[in-house]
Amino acid sequence: MTTSRIRLGDSNLEIFPLVLGGNVFGWTADEAASFEILDAFVAAGGTLIDTADSYSAWVPGHEGGESERVIGAWLADRKPEGVQIATKVGMLPGATSLTAENVRAVAEQSRERLGVEQIDLFYAHQPDPETPLQDTVAAFDALVRDGIIANIGLSNYSGAETERWLDIAERTGAAKPVALQPQYNLVHRNDVEDDVQPVALRHNLSILPWGSLASGFLTGKYREQVEQGDSPRAGGASKFATEQGLRIIDELERIGAAHDASITSTGLAWLRQQPAVAAPIASVSRAEQLPDLIASATLTLSDDELASLTEVSTWQPEGAK
């Protein structure tokens, strides 16, 4: 079955409705495993791969750029058709500024590591309060004009910060963002729905959420809280294993069973069907974990199922029934 492509904002970029997160490449997935994941994603119809210059600088002995290098090696070896690359500037230690000089330098370095002539989608990874926003808007516009990047995205920007960027772009004739990348999932909703989503809808910006599976909690694998030291990943995911969090997992399981779908697929399908969302971003460390992600792209939940998940995941104070 052919999956419909989704157009990002007012751009010419059309993507498969699931984005493959590249944060694991060169980290929890070595080059061989990364190639296998990337091969399987493209074979299933996937198009957009999301990475950043800072992946995976948080790992001891890493300096950043590891993910881009792995993706670049895969692109050079496989030469796939129709693959799109998103990367970012603004979180690499020592290169977090969004000055014109740093934005261009990082874009050129990313382009070299990836081995591409043009970056399909280039994000400001986070706001830079030290650099005048008008300078940053002009810097990204210059990259578009010079053909170094095709489209602009904003990651971790509030609604107000996004509006400011758009206002400057409108007044100066600069290229406007087409995509937003906030944290958004069934256990982290309010920031997006109250603040970012209205701006996205007003300006026809596509939301590509990160953290779509809440550090793995929304796979259903973590139903008890554990200490962070036992397993950093399990500790991060299991913090959501509250009374309400477990009700969300139970409802995902119930609805998924009606579609012969996993908890993972069902949670991503709910997210994909939210207003302004074009495609969730999700990553895997092993290719055998990928089918649940791919299945979410064609899983359509009914209005009643969407409403049920929305109701059970509406934020409640701790201890509220």
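Just so it is clear, the structure is predicted and the values come from calculations on it, not from any experiment. (Residues numbered from 1 in each chain as written. Predicted model: local features only at pLDDT ≥ 70, side-chain atom pairs only at ≥ 80, totals over all residues. Heavy atoms only, no water.)

**What to know about the overall build of the chain**
For step 1, the next point in the chain: Each helix and strand counted, the chain has 11 helices and 10 strands in total.
For step 2, the next point in the chain: Relative to its length of 321 residues, the chain is compact, with a C-alpha radius of gyration of 19 Å against a globular reference of 20 Å.
For step 3, the next point in the chain: Along the first, second and third principal axes, the C-alpha set of the chain runs to 50 × 45 × 45 Å.
For step 4, the next point in the chain: By the burial criterion, 53% of the 321 residues in the chain qualify as buried.
For step 5, the next point in the chain: Counting contacts in the chain only where the partners sit at least 6 residues apart, residues at least 24 apart contribute 74% of the total.
For step 6, the next point in the chain: When the accessible surface of the chain is split by element, carbon and sulfur atoms take 47% of a total near 14200 Å².
For step 7, the next point in the chain: For the chain, the distance from the average site of its 24 positive side-chain charges to the average site of its 46 negative ones is 2 Å. (Helix = DSSP H or I, 4+ residues; strand = E, 2+ residues; numbered from the N terminus. Rg over C-alpha atoms; globule rule 2.2 N^0.38 Å. Buried < 20%, exposed > 50% of the residue type's maximum accessible area, 1.4 Å probe, protein only. Contact = heavy atoms within 4.5 Å. Areas by Shrake-Rupley, 256 points an atom, 1.4 Å probe, with all protein chains shown as cover. Lys, Arg positive; Asp, Glu negative; His and termini not counted. Charge placed at Lys NZ, Arg CZ, Asp CG, Glu CD.)

**Concerning unusual backbone geometry**
For step 1, the next point in the chain: With omega at 5 degrees, the peptide bond leading from Y55 into S56 counts as cis.
For step 2, the next point in the chain: Tracing the backbone through its elements, the reader meets S56 in the loop between β4 (48-50) and α2 (66-78).
For step 3, the next point in the chain: Unusually for a residue other than glycine, A214 sits at a positive phi of about 50 degrees.
For step 4, the next point in the chain: In this fold, A214 is placed in the loop between β9 (206-207) and α7 (232-238).
For step 5, the next point in the chain: With a relative accessible area of 3%, A214 lands in the buried category.
For step 6, the next point in the chain: Of note, S215 is a non-glycine position whose phi angle comes to about 60 degrees, a positive value.

**Comments concerning the pairing of strand β8 (residues 177-181)**
For step 1, the next point in the chain: Counting buried residues in β8 gives five out of five residues, a clear majority hidden from the surface.
For step 2, the next point in the chain: Here strand β7 (residues 152-155) runs beside β8; their pairing, made up of four bridges, is parallel. The residue of β8 that forms the bridge with L154 is L180.
For step 3, the next point in the chain: Following the chain from β7 across helix α5 (residues 159-172) to the adjacent parallel β8, one finds a crossover that is right-handed.
For step 4, the next point in the chain: Bridge count between β8 and β9: two bridges; the pairing is parallel. Bridge assignment links L180 to a residue of β9, and that residue is I207. (Pairing = 2+ DSSP bridges. Right-handed = clockwise from strand over helix to strand, strands pointing away.)

**A look at the pattern of salt bridges**
For step 1, the next point in the chain: This structure, assessed with the given rule, holds 16 salt bridges.
For step 2, the next point in the chain: Across the pair K88 and D50 runs a salt bridge whose closest N-O atoms are separated by 2.7 Å. With K88 in strand β5 (residues 84-89) and D50 in strand β4, this pair connects stretches of sequence that are 38 residues apart.
For step 3, the next point in the chain: The buried category is assigned to K88, whose relative accessible area is 0%.
For step 4, the next point in the chain: Notably, a salt bridge pairs D146 with R104, separated by 2.7 Å at the nearest N-O pair. With D146 in the loop between α4 (133-145) and β7 and R104 in helix α3 (residues 100-114), this residue pair connects regions lying 42 residues apart in the sequence. (Salt bridge = Lys/Arg side-chain N within 4 Å of Asp/Glu carboxyl O.)

**Notes on the side chain of S155**
For step 1, the next point in the chain: Here S155 shows up in strand β7.
For step 2, the next point in the chain: Within the structure, the side chain of S155 is placed 3.3 Å from the side chain of N156, a separation counted as a polar contact.
For step 3, the next point in the chain: Beyond its immediate stretch of four places on either side in the chain, S155 contacts Y123, A124, H125, Q126, P127, Q181 and W210. (Polar contact = N/O pair within 3.5 Å; in protein donor to acceptor, adjacent residues only side chain to side chain.)

**A word on helix α9 (residues 263-272)**
For step 1, the next point in the chain: Within α9, 10 of the 10 residues are buried, leaving the element largely enclosed by the surrounding structure.
For step 2, the next point in the chain: Along α9, the residues that are buried comprise I263, T264, S265, T266, G267, L268, A269, W270, L271 and R272.
For step 3, the next point in the chain: Where α9 is buried, its residues contact α6 (190-203), α8 (243-258), α10 (290-296) and α11 (303-313).

**Focus: the side chain of T136**
For step 1, the next point in the chain: Positionally, T136 belongs in helix α4.
For step 2, the next point in the chain: Taking the relative accessible area as the measure of exposure, T136 reaches 2% and is therefore buried.
For step 3, the next point in the chain: For T136, the residues in contact, after removing those within four places along its chain, are L98, T131 and W165.

**Re the pairing of β7**
For step 1, the next point in the chain: Neither face of β7 is exposed, since I152 and L154 on one face and G153 and S155 on the opposite face are all buried.
For step 2, the next point in the chain: The pairing of strand β6 (residues 121-124) with β7 spans three bridges and is classified as parallel. Each residue of the ladder has a partner; that of Y123, found in β7, is G153.
For step 3, the next point in the chain: This β-α-β element, β6 to α4 to β7, shows right-handed connectivity.

That's the geometry; what it means functionally is another story.
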